[in-house]
Amino acid sequence: MSVSSVGIWHPLCLIYLTILFNCSSILDEIQLVDRFEFLLNGLLRIRNVDIYVTGSNSKFLSSDVITEFRGRGDEIRIYPLSFAEFSSIQEPNNNKVFNDYCRYGGLPLAALQKDITKKIDYLNYQTQNVYLNDVIERNRIKNKDVLETLIEIISSNIGSLTNPKKLTNTFNSKNIPITDKSISKYLGYLENAFLIQKTKRYDIKGKKYINTPFKYYFTDTGIRNSLLNFRQIETNHIMENVIYNELLIRGYSVDVGIVEHRIKRKNKTEKVQLEVDFVCNHGSKRYYIQSAFAIPNEEKMKQETNSLTKIEDSFKKIVVVKDNINLWRNNDGILIIGIEEFLLNKNSLDL
């Protein structure tokens, strides 16, 4: 049952019905029920009952649930469709499935639409009337233009290193006065609304996190593209975002890796930092993953694997490329795999 169907009833009626049916219940838009905290606390005291609660980001975030019901509930993170799920509902023999996934993302209603105009209209509606309005309403943001400019900057630079100070300088260059403290708050609002996700940098050799800068990726690439009016569809950057989301869907924690090593230049030794796109961990498992649009020659291979070959441990190293190739290993034992096989095979990390 949902609040939309029983919202006019007294909350005690919901409790009674739950006891009567002794089943799992889904309470959608629970924040519309007056004093819903007392309702949920009452339901939590009933044995053999599972309660699933959803709500609007403008009034009821998952962090509110964790705070209000600490120790008595769990957060279940629901992601947009994975590429495997998206592919399963597309027309057979469609060789543009991956490109469509990059462009329109994995929101189910967008994926089900056959008409491109309807896909775009749906995504634009979600972007403006759900995501942005929720963020503005909940956080009482008065300067909507600043928020939209920030989102546009982040959207245009997915996978690029940044921080509030750097973003503040970008605003100042546009003659928009704002402090890095305000930028930091706005970024937090966007994270809480599940619009973007922040990824920290991890020093692989030093085994420590680096506080700044960091990277941002979008939870759904369709929403990201809508924010830019479907301009700047750079497959190489969006592909990196897709890989990041896939790793999260599979349950991995994901960081951006750096590897320090020394090189000699003009009779002196310098420290150089090389980047590993993703360091993903799950329990005792770890994988190092590089996203590469293409590796047409040996020089490009060396460039894309340079950071991986500098890692001294024995965890698996993978390069994911855009082309649909037969997977193979280079002379350093690094696995080279096509993006579609990587996404469609749930065991691709262990091939």
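The structure we're discussing is the one just above.
Keep in mind it's a predicted model, so treat the numbers as computed, not measured.

Analysis parameters
Residues numbered from 1 in each chain as written. Predicted model: local features only at pLDDT ≥ 70, side-chain atom pairs only at ≥ 80, totals over all residues. Heavy atoms only, no water. Helix = DSSP H or I, 4+ residues; strand = E, 2+ residues; numbered from the N terminus. Buried < 20%, exposed > 50% of the residue type's maximum accessible area, 1.4 Å probe, protein only. Contact = heavy atoms within 4.5 Å. Polar contact = N/O pair within 3.5 Å; in protein donor to acceptor, adjacent residues only side chain to side chain. Phe/Tyr/Trp six-rings, centres within 6.5 Å; stacked < 30°, edge-to-face > 60°. Lys NZ or Arg CZ within 6 Å of the ring centre and 35° of its normal. Pairing = 2+ DSSP bridges. Axes fitted to C-alpha atoms, helices over the stretch in contact; angles between N-to-C directions. Core = buried A, V, L, I, M, F, W, Y, C linked by side-chain atoms within 4.5 Å. Parallel < 35°, antiparallel > 145°, perpendicular 65-115°, else oblique. Nonpolar A, V, L, I, M, F, W, Y, C, P; charged D, E, K, R; others polar.

Draft legend 1. Local environment of the environment of N330. If you trace the backbone, N330 turns up in the loop between strand 9 (328–329) and strand 10 (335–338). Under the relative-accessibility criterion, N330 is labelled buried at 12%. Through-space distance from the C-alpha of N330 to that of M301 is 9.1 Å; in sequence the pair is 29 residues apart. Not counting residues up to four positions away in its chain, the partners in contact with N330 are M301 and T305. Reaching out from N330, the side chain makes a polar contact with the backbone nitrogen of D332 at a distance of 2.9 Å.

Draft legend 2. Up close: the packing of aromatic side chains. Enumeration according to the criterion identifies 11 aromatic pairs in this entry. Aromatic pair Y186 and Y189: ring centres 5.9 Å apart, planes at 35°, arrangement tilted. Here Y186 and its partner Y189 are both found in helix 11 (residues 180–192), three residues apart, which amounts to about one turn of the helix. You'll find Y186 and Y189 in the same group, each marked buried. Geometrically, the ring pair formed by F214 and Y216 is edge-to-face, given 5.7 Å between the ring centres and 85° between the ring planes. Taken together through their ring pairs, the aromatic side chains of F83, F86, F98 and Y101 make up a single cluster. Looking at K198, its charged tip hangs above the ring of F214, at a distance of 4.6 Å from the centre. The residue whose ring lies beneath R250 is F342, and the NZ or CZ to ring-centre distance is 5.3 Å.

Draft legend 3. Main features of the sheet that holds strand 7 (residues 285–292). Pairing is mixed in the open sheet, where eight strands are placed in the order 4-3-5-6-7-8-10-9. A single partner strand is all that each edge strand has here, and the edge strands are strand 4 (208–218) and strand 9. Here seven bridges tie strand 3 (residues 196–203) to strand 4, and the two strands are oriented antiparallel to one another. Note on strand 4: the bridge partner recorded for R201 is I210. Set on the sheet, helix 14 (residues 298–309) makes contact with strand 5 (253–265), strand 6 (268–282), strand 7, strand 8 (316–321), strand 9 and strand 10; between it and strand 7 the angle comes to about 155°.

Draft legend 4. Structural view of the pairing of strand 6. One ladder, built from 12 bridges, connects strand 5 with strand 6; its direction is antiparallel. From the neighbouring strand, I263 faces strand 6, where its bridge partner is E270. If you look at the hairpin formed by strand 5 and strand 6, you'll find two residues sitting between the two strands, and K266 has a positive phi there, around 50°. From the end of strand 6 to the start of strand 7, which pair antiparallel, there are two residues, and G283 there has a positive phi angle of about 60°.

Draft legend 5. Summary view of the nonpolar core. Grouped together as the largest cluster of nonpolar side chains are 64 residues, with contacts concentrated most on L150, I243, L247, I289, V320 and F342. Tallying contributions element by element places helix 13 (residues 235–249) first for this core, with seven residues. Leaving out residues up to four positions away in the same chain, V320 has contacts with M239, I243, I289, Q290, S291, A292, I337, G338, I339 and F342. Of all hydrophobic cores here, the second largest spans 14 residues; its members include Y288, A292, L308 and I336.

Draft legend 6. Structural view of the environment of I289. Relative to the helices and strands, I289 is located in strand 7. In the structure, I289 is positioned 45 residues away from Y244 in sequence and 9.8 Å away in space, judged by C-alpha atoms. Ignoring any residue separated from it by four or fewer positions in sequence, one finds I289 in contact with I243, L247, V276, D277, F278, C280, I318, V320, F342 and L349.

Draft legend 7. Local environment of the side chain of S155. Tracing the chain through its elements places S155 in helix 9 (residues 144–156). A distance of 2.7 Å separates the side chain of S155 from the backbone oxygen of I151, its partner in a polar contact.

Draft legend 8. Molecular detail of unusual backbone geometry. For the peptide bond that leads from T212 to P213, omega is -5°, which places it in the cis range. Along the chain, the position of P213 falls in strand 4. One non-glycine residue, R140, adopts positive backbone phi at about 50°. Locating R140 in the fold gives a position in the loop between helix 8 (116–139) and helix 9. On the basis of relative accessibility, which here comes to 71%, the residue R140 falls in the exposed class. Residue F194 is not a glycine yet carries a positive backbone phi of 60°. Residue class for F194 comes out partly exposed when judged on its relative accessible area of 25%.

Draft legend 9. Spotlight on the packing of helix 9 against helix 11. The geometry of helix 9 relative to helix 11 is characterised by a closest axis approach of 11 Å and an angle of 75° between their N-to-C directions. The angle between helix 9 and helix 11 places the two elements in the roughly perpendicular class. On helix 11, the residues touching V146, L147, L150, I151 and I154 of helix 9 are I183, Y186, L187 and L190. By residue class, the composition of the contact of helix 9 with helix 11 is nine nonpolar, no polar and no charged.

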